[in-house]
Amino acid sequence: MINGQTQLFGIIGNPVEHSLSPAMHNAAFAHLGLNGVYIPMRPADLGDGFRGLKSLGFVGVSVTVPFKVAVMDYIDEVDPVARKIGAVNTLLFRRDQDGQNRCLGYNTDWLGSNQALAEALDLATSTVLIIGAGGAARAVGFGLIEAGARVLVTNRTESKGRDLARQLNCPFLSAHELPTAQADALINTTSVGMAPKKEAVPIDPALLARFPVVMDIVYAPLSTRLLVEAKQRGCRTIDGLKMLQYQGAAQFILWTGREAPHAVMRQALLEELR
Ligand code: ATR
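Residues numbered from 1 in each chain as written. Predicted model: local features only at pLDDT ≥ 70, side-chain atom pairs only at ≥ 80, totals over all residues. Heavy atoms only, no water.

Trainee: Let's hear about the nonpolar core: which residues, and what values?
Mentor: Ranked by size, the top nonpolar core spans 32 residues in total, and within it Leu117, Leu144 and Val153 carry the most contacts. With five residues, helix 5 (residues 135-146) is the largest single contributor of residues to this core. For this core, the domains that each give at least three residues are domain 1 (7-107 + 243-273) and domain 2 (110-238). Setting aside residues up to four positions removed in sequence, Val153 forms contacts with Leu129, Ile130, Gly132, Gly161, Leu164, Ala165, Leu168, Cys170, Pro171, Phe172 and Leu173. Grouped together as the second largest cluster of nonpolar side chains are 20 residues, Val16, Val59, Met265 and Leu269 included. (Core = buried A, V, L, I, M, F, W, Y, C linked by side-chain atoms within 4.5 Å. Buried < 20%, exposed > 50% of the residue type's maximum accessible area, 1.4 Å probe, protein only. Helix = DSSP H or I, 4+ residues; strand = E, 2+ residues; numbered from the N terminus. Domains from an automatic or database assignment. Contact = heavy atoms within 4.5 Å.)

Here it is in structure tokens:
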């Protein structure tokens with residue numbers, strides 16, 4: 001029941017109507033009996049929106065496209081890993097000793113991808129090949145390096161891929177080097193395979209047998225062509241909902257200090273996807 005004590009949470013983005021996060025977080029609040037509500041918000045102006053959140057006493061807010069980089073200008077303290085990634089997806093508002101409402105900014109995307117991959121691998125002793133060089137690849141890449149993994153990058157546009165590889169201090173593999181690439185896992189961070197172009201794959205499927213673990217960050221459809229092809233070749237697969245679920249769980253812990261109810265959150269995501 002929403003009442004005078006209800007704590008406010010939400011997500012800012014544009015578009016935000018199709019976000020799965022409200023279902024995931026509200027299910028977690030309900031399961032634990034916490035008096036909180038999580039709503040979707042589309043600010044007409046980021047600065048106005050941010051000041052509104054602060055003034056209205058929001059406790060925690062998720063940030064999605066196109067605000068993940070620009071929101072850093074408004075935050076009082078950005079977590080060091082989020083700073084390296086160059087993007088914030090989580091805001092935590094907290095009163096300091098002087099009673100000032102301060103905003104802390106985090107990135108939980110990398111925690112989500114690490115935790116998803118860690119179900120299948122010991123990251124500290126593994127090599128992971130990342131496909132892509134956009135914002136998602138940056139979060140995944142810096143996250144893997146935080147965990148002590150060895151990273152390789154490949155990307156359709158070589159110059160962008162080489163840029164990211166330089167920042168991660170890791171090798172870049174061009175298309176002709178992929179047939180001899182060796183890694184314990186492969187992760188697709190591009191939008192290739194997302195509906196409606198469901199048949200697209202970001203790498204020649206014949207190469208997949210080289211990677212014991214294959215993860216996709218695309219979750220619509222849940223079973224992407226990449227994951228179907230990987231499974232057929234005996235690879236262990238990790239779907240894109242895992243990263244979304246674990247990054248949400250990391251937010252939930254930051255905001256509430258409570259352990260996240262993983263199964264409940266995943267079930268809520270699955271129902272919302274249907
Ligand atoms: P995000 O911030 O969500 O990661 P992005 O910054 O637009 O999105 O990055 C998209 C990534 O997906 C890029 O690596 C892009 O490759 P390019 O650098 O060559 O553009 C990759 N990508 C998108 N569509 C692709 C396609 N059809 N084939 C291969 N790579 C694709």
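Trainee: I'd like to hear about the environment of Ser62, residue by residue, with values.
Mentor: On the secondary structure map, Ser62 appears in strand 3 (residues 60-63). Residues contacting Ser62, with those up to four places away along its chain left out, are Gly10, Ile11, Ile12, Tyr38, Asn89, Gln251 and Trp255. A distance of 2.5 Å separates polar atoms of two side chains, one belonging to Ser62 and the other to Tyr38. (Polar contact = N/O pair within 3.5 Å; in protein donor to acceptor, adjacent residues only side chain to side chain.)

Trainee: Break down the site of the ligand for me, citing the residues and quoting the values.
Mentor: Surrounding the ligand, one finds Gly132, Ala133, Gly134, Gly135, Ala136, Asn155, Arg156, Thr157, Lys160, Thr190, Ser191 and Val192. Note that an oxygen atom of the ligand is positioned 2.7 Å from one of the side-chain N or O atoms of Asn155. In isolation the ligand exposes 640 Å². Once the protein is present, 60% of that is buried. Counted by class, the shell around the ligand contains three nonpolar, seven polar and two charged residues. (Near = heavy atom within 4 Å. Areas by Shrake-Rupley, 256 points an atom, 1.4 Å probe, with all protein chains shown as cover. Nonpolar A, V, L, I, M, F, W, Y, C, P; charged D, E, K, R; others polar.)

Read these as geometric descriptors, not functional statements.
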